[in-house]
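# Observations on the model geometry
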Amino acid sequence: MVHNNCHWLFISYSLVSYKIKHKDILLTLQRNFNNKAMALSMDKTTFISLLFTAVLFVSCTKKEAHFLKNENYRNRVIAQFEKRKTEAAQRKGALFSILENENLTLEQKEAMKFLYAYMPLCDLADYDGEFFLQQVDAAFRARDYFSWGKTVPEDIFRHFVLVYRINNEYLDTARIVFFEELKDRVKNLSMADAVLEVNYWCHEKVCYRGTDGRTSAPLALVRTSWGRCGEESTFTAAALRAVGIPARQCYTPRWVHTDDNHAWVEAWVDGKWHYLGACEPEPELDVAWFTGPAKRAMMVHTNVFGLYTCPEEKNLETPLYSKINLLENYAETRPVKVLVTDENNQPLEGAKVQFMVYNYAEFYPISTNTTNKQGETSIISGKGDLMIWASLKDKYGYTKSNVQDEITVVKLNRKPGTEYEELIVMNVPGEQPVKKLSPEAIAKNTVRLTCEDSVRTAYMNTFIQQEQADAWAKSEKLNKATVWKYLNMAQGNWLEIRNFIANEKSNPRLFPFLATLSQKDLRDTPAEYLSNHLQTGKILEIKDGTPENQIVPYILSPRIESELIRPWRTFLQAQISGEDRAEARKNVGYIIDYISNNIKINDDENYYNCRITPQGVYELGTADVRSRNIFFVAACRSLGIPARLEPATGKPQYFENNAWIDVSFEKETAAAVNLPKGKITLKNATGNIVKPGYYTHYTLAYFKDGEFRTLDFEGNPAVSRFPYTLDLDAGYYRLMIGSRANDGSVSVSAKYFKLKENTVRTLEVKMPQIEDKLLVKGIVDMNSVVVLNDQSKTGLKELSNGKGLMLCFVDPGKEPSKHILQDLPAVGQALDNWGGGVLFVVHGDKVSKGFDASVFKGLPKQTLWSADDALLKTVAGALQIDMGDNFPLTLYLSDNGGILFSSVGYRIGTWEDVLKIIRMEENTK
């Protein structure tokens, strides 16, 4: 009897371990085992058979838990998954065969299907099922490991933890790596403290520095140790999701009180969303340097992957994602209601309406809607002016929406080709008070930041130093200056670039090839990827008639637009037979026809605007327009045909007969096209107090499909020096010029004109006048003495040199102060010519051991540094402000101590505003 009871306990444990609720089976077995006669007569074989049958029955009848618990929602996801499965049929093996794995749980399968159902095209094209399963498993592991995993609602977990993508970054296995590094550091913390601690960890790894628009993958950012705000926020949100904390990237599409934009992070903590500066830790949630600017914002967005229900306004909802308006969490708001009519004042349904702000010398859409049957649409925005631009087919119109307007009526009565000029003043929301941290909290936080700076600096000190680079270059018989240039730019990727140089040093095209790459390419591209492109050039047959100076930049170089460099060249070559390659080199129309017939265009579904790789375009057979154009260039270059995307317009082109030929895929018969051309010459108008810069003060835009599209000449040497002439397509253009006032408002001059074929239009870039009056905001005693960094003492009067004094209080470890310092060289020559004083003051608690003023290059020659705490108190008292931690504070003092200019926080154009005040003061003397 004891023997049989032991077996009964074993069977009971087996049944319980499968979590089965079939008590009737359990009771039957128990009754039989309690029957002594049966138990004594039962042999071992009979017992094992009974045990096997029971366990098998239990295994077959167990019921797994759904990941998508709501049946209606689950059915909608599955339906969308089946649709995407059909769309991605050309990659079905790589993507979907993983779902046939019998070991996958129902939760894993449903989570995978949710991701497949809503992911952008770039992910369907460039990654595989194994990668996505790793992401799912990592999310589930974090959910099960941390105590807060049990408190996160299903929908919040689904959209803000499970999803592997934050925005338009390239993907990697960061969440797996980050989990291992962070799990013990945050496991025993509260959810709120865990968010703060993760951000401190992020600051150890990454700090702010401006860079180009391609968003590096999180692990690539760790290797470099710095990135722009979009990369920092992607990195921080990824780190938070890695430990099971819901996180999302938030951003203002563009500021209105200044140029530029900003991105940050919101984390879900115990039922509520809180904001934080990514890689810029503060001791509390909902505290950041951008709190003040965000109160002046006109829009704050976050993108949400998948079918999502929320209380906030959706500015956009598609079958794959939503764009959520979070502005009410940050700023005072107003409803902006728009009515669109035809010339007879009749409402128009289906009109495209763009809500635009002035930023970077253009009107930029912060939201785009479509009118309903009543011709109406609306958004929630801030308390500043908007330009409302509406279009329908070949009709368009625009009107400024003022803060006091109850409804803005836009009549579609404009005609392309009409020449005229106009002046518009765009007003912005005013400054608002912000929460202040206690001095004790600031001081304590500064200690932590200094420690984290030292951790990051110690890592960056492992990068190759110039002495090491010079020694290696000498040993390899290479030019020391050239080698150091590229190894220094490579940062944490220096070893890969050194290996590439070592492997290719005998190739005469090596350094011209490296010169075609961006600095970010040097920081995150493996040596083998670069060799894939350069080595192919040794055997590549070049199209007849190609000039030597076109071969490296437009055939061998893998850099096409802003996509991540991948080894696509040998892959594409392998897809084309030798006979077809020869045909394509003779007639590029062969490639154009192939793309037109085989690559479907779907702009809507690549919604994060992350470029699909050329290999991914080929394998998926579907792409957005920009990825398709990149594919065309890659295909040409793989076959030895020089090709590019035209820098200003992005049009695909190939080089033939000493000219760049535009390519169109949009016509009924895709072909090379030669559009009529004209010339525009731009001159700098006399009287401008600063030299106008493209995107800083002015832009050119061409008219297409009911709207003006800005030509992208950023960083283009062709527009760096006045006068200059541009060869452009004949058409209808707009020259926009803006002058920003101290309060952030802008006076905008717009000139609309036609460019006819074979004609030259000459235009002046004349900055609009702003009717500012000199107002003394406070007085500072110019006899005040400051201690400079070299420990010498001097008076403010001496520093002003009889002219005046530019004074700026900074926190050099924070993004706003870095911006203000990086902007100054643009007006450095003008300040040198002026001859007054320039003094930067780092407040005592902002000075770290690692601070080195010499890293800020190109500052005016008279620039001096101080760490004098007393001076800040003096200035704050004169202005009657409570500075808190809102650095930088920028001022201009007249020679007699009058504060003629002051600005708290960062905004683009600050130094130019100071120059305006200086010029105005000079004119009054």
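Computed from a predicted model, the values in this text were never measured in an experiment.

Moving on: the overall build of the chain. When you go through the chain residue by residue, the secondary structure sums to 33 helices and 36 strands. Relative to the 2.2 N^0.38 estimate, which gives 29 Å for 925 residues, the radius of gyration of the chain is 32 Å and therefore close to what a compact globule would have. With respect to the three principal axes, the spread of C-alpha positions in the chain is 120 × 80 × 75 Å. Across the 925 residues of the chain, 56% fall into the buried class. When contacts within the chain are restricted to residue pairs at least 6 apart in sequence, those whose partners lie at least 24 apart make up 68%. Just so you have it, the chain exposes about 40300 Å², and 49% of that area is on carbon and sulfur atoms. Computing the positive centroid from 111 side-chain charges and the negative centroid from 114, the chain places the two 1 Å apart.

Moving on: the packing of aromatic side chains. Each aromatic ring pair is specified by the distance between its two centres and by the angle formed by the two planes. Counting across every chain of the model gives 59 aromatic pairs. Here Y275 and Y330 contribute two aromatic rings whose centre-to-centre distance is 5.3 Å and whose plane-to-plane angle is 45°, an arrangement assigned as tilted. One end of the pair, Y275, is in strand β5 (residues 272-276); the other, Y330, is in the loop between β8 (321-325) and β9 (333-341), with 55 residues separating them in the sequence. Just as Y275 is buried, Y330 falls in that class too.

Attention now moves to the pattern of salt bridges. Applying the stated criterion to the full structure yields 49 salt bridges. The closest approach of N and O atoms between R254 and E362, which form a salt bridge, is 3.3 Å. Of the two residues, R254 is situated in the loop between β3 (247-252) and β4 (262-269) and E362 in strand β11 (residues 362-370); the sequence distance between them amounts to 108 residues. For the residue pair R254 and E362, the accessibility class agrees, reading buried in each case. The salt bridge partner of D913 is R907, with a shortest N-O separation of 2.7 Å.

Mean pLDDT over the chain works out to 89, with 91% of the residues at or above the 70 mark. Predicted confidence is poor over residues 54-61, with pLDDT under 50, and the contacts of this stretch with residues over four places away or in other chains come to 11 contacts.

With that settled, consider the side chain of H257. Tracing the backbone shows H257 in the loop between β3 and β4. If we skip the residues at most four places from it in the chain, H257 touches P293, R296, V428, R740, G744, Y906 and R907.

Residues Y116, F305 and F632 are the most contacted members of the largest nonpolar core, which totals 130 residues. Y695, Y698, M767 and F840 belong to the second largest nonpolar core, which has 49 residues in total.

Any two packed helices are characterised by the angle at which their axes cross and by the distance between the axes. The geometry of helix α12 (residues 191-205) relative to helix α14 (residues 229-242) is characterised by a closest axis approach of 10 Å and an angle of 130° between their N-to-C directions. Judged on the interaxial angle alone, α14 and α12 are oblique. The chirality of how α12 crosses α14 is right-handed. Residues V195, V198, N199, W201, C202 and K205 of α12 touch α14, and the partners they reach there are F235, T236, A239 and L240.

Spatial ordering of the open sheet is given by β16-β28-β27-β24-β25, a layout of five strands whose pairing is antiparallel. Single-partner strands in this sheet number two, and they are β16 (420-426) and β25 (707-710). For this sheet the average axis-to-axis angle between neighbouring strands, irrespective of direction, equals 30°. Both strand β27 (residues 731-740) and strand β28 (residues 746-755) contribute to a ladder of 10 bridges, which runs antiparallel. Each residue of the ladder has a partner; that of S739, found in β28, is S747.

The five strands are arranged β34-β33-β32-β35-β36 in an open sheet whose pairing can be described as mixed. Bordering the open sheet on either side are β34 (863-866) and β36 (899-904), each of which pairs with just one other strand. In this sheet, neighbouring strand axes are inclined to one another by 15° on average, regardless of whether the strands run parallel or antiparallel. Pairing of strand β33 (residues 837-842) with β34, which is carried by four bridges, proceeds in the parallel orientation. Counted as the bridge partner of V841 is S866 from β34. The strands touched by helix α30 (residues 815-823) within the sheet are β32 (804-810), β33, β34 and β35 (889-894), with β32 carrying the most contacts at an inclination of about 145°.

A few words now on the environment of T234. Looking at where T234 falls in the secondary structure, it is placed in helix α14. A relative accessible area of 1% places T234 in the buried class. Taking C-alpha positions, T234 is 6.9 Å from N167, a pair spaced 67 residues apart along the chain. Filtering out sequence-adjacent residues up to four positions away, T234 remains in contact with I166, N167, E169, T215 and Q249.

Further remarks concern the packing of helix α19 (residues 494-504) against helix α22 (residues 527-534). Look at α19 against α22: their axes get within 8 Å of each other, and the N-to-C directions meet at 35°. Between α19 and α22 lies a crossing of right-handed hand. Across from E496, I497, N499, F500 and E504 in α19, the residues of α22 making contact are A527, L530, S531 and L534. Of the residues that constitute the contact of α19 with α22, the class distribution is five nonpolar, two polar and two charged.

Criteria and cut-off values
Residues numbered from 1 in each chain as written. Predicted model: local features only at pLDDT ≥ 70, side-chain atom pairs only at ≥ 80, totals over all residues. Heavy atoms only, no water. Helix = DSSP H or I, 4+ residues; strand = E, 2+ residues; numbered from the N terminus. Rg over C-alpha atoms; globule rule 2.2 N^0.38 Å. Buried < 20%, exposed > 50% of the residue type's maximum accessible area, 1.4 Å probe, protein only. Contact = heavy atoms within 4.5 Å. Areas by Shrake-Rupley, 256 points an atom, 1.4 Å probe, with all protein chains shown as cover. Lys, Arg positive; Asp, Glu negative; His and termini not counted. Charge placed at Lys NZ, Arg CZ, Asp CG, Glu CD. Phe/Tyr/Trp six-rings, centres within 6.5 Å; stacked < 30°, edge-to-face > 60°. Salt bridge = Lys/Arg side-chain N within 4 Å of Asp/Glu carboxyl O. pLDDT = per-residue confidence, 0-100. Core = buried A, V, L, I, M, F, W, Y, C linked by side-chain atoms within 4.5 Å. Axes fitted to C-alpha atoms, helices over the stretch in contact; angles between N-to-C directions. Parallel < 35°, antiparallel > 145°, perpendicular 65-115°, else oblique. Left-handed = near helix turned anticlockwise from the far one by under 90°. Pairing = 2+ DSSP bridges. Nonpolar A, V, L, I, M, F, W, Y, C, P; charged D, E, K, R; others polar.

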